[in-house]
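# Close look at the chain arrangement
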Amino acid sequence: MGYDLIVVGGGVGGSALSAVMAQAGAKVLLLEAAEVYQDKVRGEWIAPWGVTEVKRLGLYDLLVSAGGHHIETHISYDENRDPEVARSTPAPLGVFAPGVPGPLCLGHPQHCQTLFDEAVRRGVDARRGVQVISVTAGASPTVTFRHDGEESTATARLLVGADGRTSMVRESLGIPLHQDAPHHMFAGLLVDGAPDWDAKVQAIGVEGDFSFLAFPQGSGRVRLYGSYALDQRRRFAGPDGPAAFLEAFRMECSPDNVHLAGARPIGPLLSYFNNDAWTDQPFAPGAVLVGDAGGWNDPIIGLGLSITYRDVRIVTDILKADADWAGRISRPTPRSAPSACAA
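Residues numbered from 1 in each chain as written. Predicted model: local features only at pLDDT ≥ 70, side-chain atom pairs only at ≥ 80, totals over all residues. Heavy atoms only, no water.

Moving on: the overall build of the chain. A count of helical and extended segments in the chain gives 10 helices and 22 strands. The C-alpha extent of the chain, read off along each of the three principal axes, is 60 × 40 × 35 Å. For the chain, with 343 residues in total, the buried portion stands at 53%. Across the chain, the fraction of contacts at a sequence separation of at least 24, relative to all contacts at a separation of at least 6, is 72%. (Helix = DSSP H or I, 4+ residues; strand = E, 2+ residues; numbered from the N terminus. Buried < 20%, exposed > 50% of the residue type's maximum accessible area, 1.4 Å probe, protein only. Contact = heavy atoms within 4.5 Å.)

Following this line, the structure appears as structure tokens:
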């Protein structure tokens, strides 16, 4: 089987890149391990500059039609600040990118499925439930994989690793991943039934030993995050964890949090370390990494999706502009964030 591109990983980055390149006429094979996309408790907030990248890729209307929801105002709460003062000084979020009213939020499973379906609609040979057995790069990249009980080997002009933080492609290519030391814990939970939380307002706040972030997705649904000390890593573990997590949102500094604390969990509560990770050279002869496969920004900064879309835009711009894919991909580009190809 011969292709122009083999993309390993059908999440946001892999599916977006596949869809864009198929639209440009490339023959693309997209391989995704999951049969059903799961809530990974991250990857749902696109910064205004990231929305600009989505627009440049021609995917903005698609995401909005799938339920993409713009947030327009930010409020910061603090235990040393009167909540009425905080409410009276909101920060507008439509000032950072022309024509973008603010960050764009979309649930991760829906986000991935929408892009995967669009890739299929544009003619990508997209497969789910795939076990990738081995990959090789070089002058003639190959991927050996098992799908529906059958083992196959495909070749391509270029291999794209979009298979996330534990990237098998990155490891197979021998590209080192560097990480700084974790500095705090971060937990997330998706809730529904919070219609009284302003759907256009995101908030961040701190009281005592817990800080929170709230990002509405529209229709009473809000993604909640909480940050706490490393030595409390099991603070929200066990069957009572979600209830304890929501109770932590009841804060005097942010009275509106009562609407969040009383909401209904509709996804898993997952906790993880926060830290930065990066690769010095997110490419090899015949291969390139995009998104988290090439490194990730500390999630507290919230730029993971935006960096992924910038990676996709840069790589697809290169591929569409020059027939010498391998030569162009292998030239280092300046980077301003720990990503695969961020400019």
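Read on for the rest.
Moving on to helix 1 (residues 12-23). End to end, helix 1 covers 17 Å across 12 residues, agreeing with the expected 16 Å (1.5 Å per residue, within 8%). Of all 12 residues in helix 1, 11 are buried, a share of seventy percent or more. Just downstream of helix 1 lies G25, where phi reads positive at about 105°. (Expected span 1.5 Å × (residues − 1).)

Bringing the nonpolar core into the picture now. Counting residues in hydrophobic clusters, the biggest one holds 41 residues, and the most contacted among them are L5, L17 and Y309. Counting residues per element, the ones that place at least two in this core are strand 1 (2-8), helix 1, strand 2 (28-31), helix 2 (48-56), helix 3 (60-65), helix 5 (108-121), strand 11 (150-161) and helix 9 (304-321). Here this core takes 7 residues from helix 1, the largest share from any one element. Listed in part, the 27 residues of the second largest apolar core include M185, A203, F210 and F212. (Core = buried A, V, L, I, M, F, W, Y, C linked by side-chain atoms within 4.5 Å.)

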